[in-house]
Amino acid sequence: QVQLVESGGGLVQPGGSLRLSCAASRSIFSTSVMRWYRQAPGKQREWVALITSGSRPDYADSVKGRFTISRDNTKNTAYLQMNSLKPEDTAVYYCNADTGSNNYWGQGTQVTVSS
């Protein structure tokens, strides 16, 4: 069974940092495009960042320059380093693994940016 497990969310003040982790089943991780999405209350889920199997990243304009996506294939884990956090970054963050033929989702982790 394929599983994605996110961790690292929490409450942080504006301007602070958090690092999210997404641990994936070994059977899919190394060949998957890994993406992070987020969903704020009352809003649609939006794409945040992706990293290809070859470790090429891409970012939504709203997070470019503040967030960094990475992956460690030896640990089957993807990361999202979030710096200079803003209140509008508050959302549930979801990890997604795209194998090309299937998509898998984690359960989400809450990020709250508030003073």
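Scroll up to find the structure.
Quick caveat, the model's predicted, so the values are computed rather than measured.

Asks: I'd love a proper account of the overall build of the protein chain, names of residues and values included.
Replies: Regarding its fold elements, the protein chain presents one helix and eleven strands. Start at the N end of the protein chain and walk to the C end: the helices and strands fall as β-β-β-α-β-β-β-β-β-β-β-β. Here the C-alpha atoms of the protein chain give a radius of gyration of 13 Å, agreeing with the 13 Å that 2.2 N^0.38 yields for 115 residues. If you line up the protein chain on its principal axes, its C-alpha atoms span 40 × 25 × 20 Å. Considering only residue pairs separated by 6 or more positions, the protein chain has 53% of its internal contacts joining residues 24 or more positions apart.

Asks: Before we move on, could you go through the state of the cysteines and cite the residues and values that matter?
Replies: Following the criterion strictly, the structure yields one disulfide and no others. Disulfide pairing is shown between Cys22 and Cys95; the S-S distance is 2.0 Å. In this structure, the disulfide formed by Cys22 and Cys95 twists by about -75° around the S-S bond and is classed as left-handed. Residue Cys22 is located in strand E3 (residues 18-24), and its partner Cys95 is located in strand E9 (residues 91-98); the two are separated by 73 residues in the primary sequence.

Asks: Please set out the packing of aromatic side chains residue by residue, giving values where relevant.
Replies: This model, assessed by the stated rule, comprises one aromatic pair. Positioned over the ring face of Tyr94 is Arg45, at 3.8 Å from the centre of the ring. Stacked on the ring of Trp105, the Lys or Arg Arg45 has its end atom at 4.8 Å from the ring centre.

Asks: Give a description of the pattern of salt bridges that names residues and reports values.
Replies: One pass over the full model with this rule turns up five salt bridges. Measuring nitrogen to oxygen at the nearest pair gives 3.0 Å for the salt bridge that ties Asp98 to Arg35. Taken as a pair, Asp98 in strand E9 and Arg35 in strand E4 (residues 33-39) lie far apart in primary sequence, 63 residues in all. When sorted by exposure, Asp98 lands in the same class as Arg35, which is buried.

Conventions and cut-offs
- Residues numbered from 1 in each chain as written.
- Predicted model: local features only at pLDDT ≥ 70, side-chain atom pairs only at ≥ 80, totals over all residues.
- Heavy atoms only, no water.
- Helix = DSSP H or I, 4+ residues; strand = E, 2+ residues; numbered from the N terminus.
- Rg over C-alpha atoms; globule rule 2.2 N^0.38 Å.
- Contact = heavy atoms within 4.5 Å.
- Disulfide = S-S within 2.5 Å.
- Phe/Tyr/Trp six-rings, centres within 6.5 Å; stacked < 30°, edge-to-face > 60°.
- Lys NZ or Arg CZ within 6 Å of the ring centre and 35° of its normal.
- Salt bridge = Lys/Arg side-chain N within 4 Å of Asp/Glu carboxyl O.
- Buried < 20%, exposed > 50% of the residue type's maximum accessible area, 1.4 Å probe, protein only.

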